[in-house]
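The lines below spell out each chain.
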Amino acid sequence: MCRHFGWIGQERTLHELFFDAGYGLPRQARVPRWQRVGLVNKDGFGAGWFPAGRAIETERYRTTIPIWDDGVFPALAREVTSSCVLGAVRAASPGMPIEESANAPFTNGRCLLSLNGHLSVNKVRPLLGPGREPESSCDAALLAALLWQRLDTGQDLQKALVSLLRDVVELDSGACLNMLATDGAQVVATAWGETLCYRKEADGILVASEPHNEEDGWISVGDKTAVIADTWDIQLRFIPQDSLFSAEISPAVAPPSTPASLTMDARSPDERESVPAE
């Protein structure tokens, strides 16, 4: 499995988002506190962002080096600012390749995508149209190719991501599909088998696999839910089996924030699972 986050709001440096947080991705990579599968995210990491003044053109940094061993990214992260950032650390599922092209974020130049989960490549590949090939043989790269395919038909990001989830689940009922995508104007995430939370801050919204600090205000997202966030607003919608979205979940009835001492308790290795090989 993996840990990932999406930031949308006022411009921040990548260093603020990755390294200044009390329990950001470098610490989550070593000792994830909410992760349900896997003990350590050591198979590389990536960052994707929309540079200032170029809201529809992405830039990206990916490597198979563990985030705690990378000597290049910290300096780069101090220099790069963006109002929309996606970050991810990776623990490869059994049988998946360890290569840069298998690491999130994936991009088509206009959108970024990360997967915290797994799916059967053999079961889901028939969804991919002729002439299209994923950039890697891993499951997340296939998912990205399927999303680009839908976006190329004119679907908006929200509908494309959720309809893709439902089609994948129809072919692979055991898929775990916590997806996180952004087009620079919004962050769209799904909670489907793994953990997800968000926090509204004074200058934007952070959507993440788990809290990045011990401050109040983190809201846990229930399973089978889509999260749609822009700079100032966030919506939570159930993902039913028979339609694209259900009614919006009112923030008043969303799960309340829980003291960090409770939400961030680490689980023992015995409480975590391993992903079966395909």
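See above for the structure.
The residue numbering used here restarts from 1 in each chain and proceeds along that chain's sequence as written. Local features in a predicted model are, by the rule used here, given only for residues with pLDDT of at least 70; side-chain atom pairs are given and counted only at 80 or more, and totals for whole chains, interfaces and linings are based on all residues. Processing note: side-chain calculations cover all non-hydrogen atoms of the structure and skip hydrogens and water entirely.

What to know about the overall build of the protein chain
Secondary structure elements follow DSSP: runs of H or I no shorter than four residues count as helices, runs of E no shorter than two count as strands, and numbering proceeds from the N terminus. Helix and strand counts for the protein chain come out as seven helices and 14 strands. For every residue, the accessible area (1.4 Å probe, protein chains only) is compared with the maximum for its type, and the residue is labelled buried under 20%, exposed over 50%, or partly exposed between those bounds. Classification of the 278 residues of the protein chain by burial places 56% in the buried group. Taking contacts inside the protein chain between residues at least 6 apart in sequence as the whole, the part at least 24 apart equals 67%. Total accessible area computed for the protein chain in this model is approximately 11,500 Å², and 50% of it derives from carbon and sulfur atoms. Between two residues, a contact is recorded if the distance between any of their heavy atoms is within 4.5 Å. In this description, accessible areas are obtained by the Shrake-Rupley approach with a 1.4 Å probe, and a residue is regarded as covered only by the protein chains that are shown.

What to know about the nonpolar core
Only buried residues count toward a nonpolar core, which is a set of Ala, Val, Leu, Ile, Met, Phe, Trp, Tyr and Cys residues joined through side-chain atoms within 4.5 Å. One finds L119, L147 and L177 to be the most contacted residues of the largest nonpolar core, which totals 40 residues. Within the residue set of this core, elements represented by two or more residues are strand 6 (112–118), helix 4 (121–124), helix 5 (139–151), helix 6 (157–171), strand 7 (176–182) and strand 12 (225–229). With 10 residues, the top contributor of residues to this core is helix 5. Excluding anything up to four places from it in sequence, L147 contacts L113, L157, A160, L161 and L164.

Topic: the packing of helix 5 against helix 6
To obtain an axis, a line is fitted to C-alpha atoms, over the contacting stretch when the element is a helix, and the angle between two such axes runs from 0 to 180 degrees between their N-to-C directions. Running from amino to carboxyl end, helix 5 crosses helix 6 at an angle of 130 degrees, the nearest separation of the two axes being 9 Å. When the axis of helix 5 is compared with that of helix 6, the two are oblique. In terms of crossing hand, the pair formed by helix 5 and helix 6 is right-handed. Residues L143, L146, L147, R150 and L151 of helix 5 lie in contact with helix 6, whose contacting residues are L157, A160, L161, S163, L164, D167 and V168. Under the scheme applied, nonpolar residues are Ala, Val, Leu, Ile, Met, Phe, Trp, Tyr, Cys and Pro; charged residues are Asp, Glu, Lys and Arg; polar residues are all the others, including Gly. A breakdown of the residues in the contact of helix 5 with helix 6 according to their chemical character gives nine nonpolar, one polar and two charged. When describing relative orientation, an angle under 35 degrees is termed roughly parallel and one over 145 degrees roughly antiparallel, while 65 to 115 degrees is termed roughly perpendicular and anything else oblique. For any helix crossing, the convention is left-handed if the near helix is rotated counterclockwise from the far helix by under a right angle, and right-handed if that rotation is clockwise.

What about the pairing of strand 1 (residues 2–13)?
Regular strands place their side chains on alternate faces of the sheet. With 10 of 12 residues buried, strand 1 is to be regarded as a mostly interior element. Two strands pair when backbone bridges link them, and strand 1 and strand 4 (residues 81–90) are joined in this way by nine bridges, in the antiparallel orientation. The partner of F5 across the bridge, within strand 4, is G87. Strand pairing is assigned whenever DSSP detects at least two bridges linking the two strands.

Here we look at the environment of F45
Checked against the element boundaries, F45 lands in strand 2 (residues 45–51). The spacing of F45 and R3 is 42 residues in sequence and 9.5 Å in space, taken between C-alpha atoms. Beyond its immediate sequence surroundings of up to four residues, F45 is in contact with Y61, R62, T63, I65, P66, I67, D70, F73, A88, V89, N103 and A104.

Side note on the sheet that holds strand 11 (residues 219–220)
Backbone hydrogen bonds hold the strands of a sheet together, and the pairing may be parallel or antiparallel. Here we have seven strands laid out as an open sheet, ordered 3-2-4-1-10-9-11, and antiparallel in their pairing. The sheet terminates laterally at strand 3 (59–63) and strand 11, the two strands that pair on one side only. Here strand 9 (residues 197–201) pairs with strand 11 via two bridges, running antiparallel. Looking at the pairing, Y198 lines up with I219 of strand 11.

Here's the deal with the pattern of salt bridges
Here, a salt bridge means any side-chain nitrogen of Lys or Arg that lies within 4 Å of a carboxyl oxygen of Asp or Glu. Applying the stated rule across the entire model yields 14 salt bridges. Among the salt bridges present, the one from R12 reaches E201, with a minimum N-O distance of 2.6 Å. Taken as a pair, R12 in strand 1 and E201 in strand 9 lie far apart in primary sequence, 189 residues in all. Residue classification places R12 among the buried positions, given a relative accessible area of 16%. Among the ionic pairs, E133 bridges to R125, the shortest N-O distance being 2.9 Å. Take E133: its relative accessible area is 60%, and that puts it in the exposed class. Where salt bridges share partners, they join R12, R199, E201, D203 and E215 into one cluster.

Some remarks on unusual backbone geometry
At the junction of A104 and P105, the peptide bond is cis and its omega measures out at 5 degrees in the coordinates. Checked against the element boundaries, P105 lands in the loop between strand 4 and strand 5 (106–107). Unlike most non-glycine residues, K224 shows phi in positive territory, near 60 degrees. By the secondary structure assignment, K224 is in the loop between strand 11 and strand 12.

In short, the description is geometric, and any link to function would need to be established separately.
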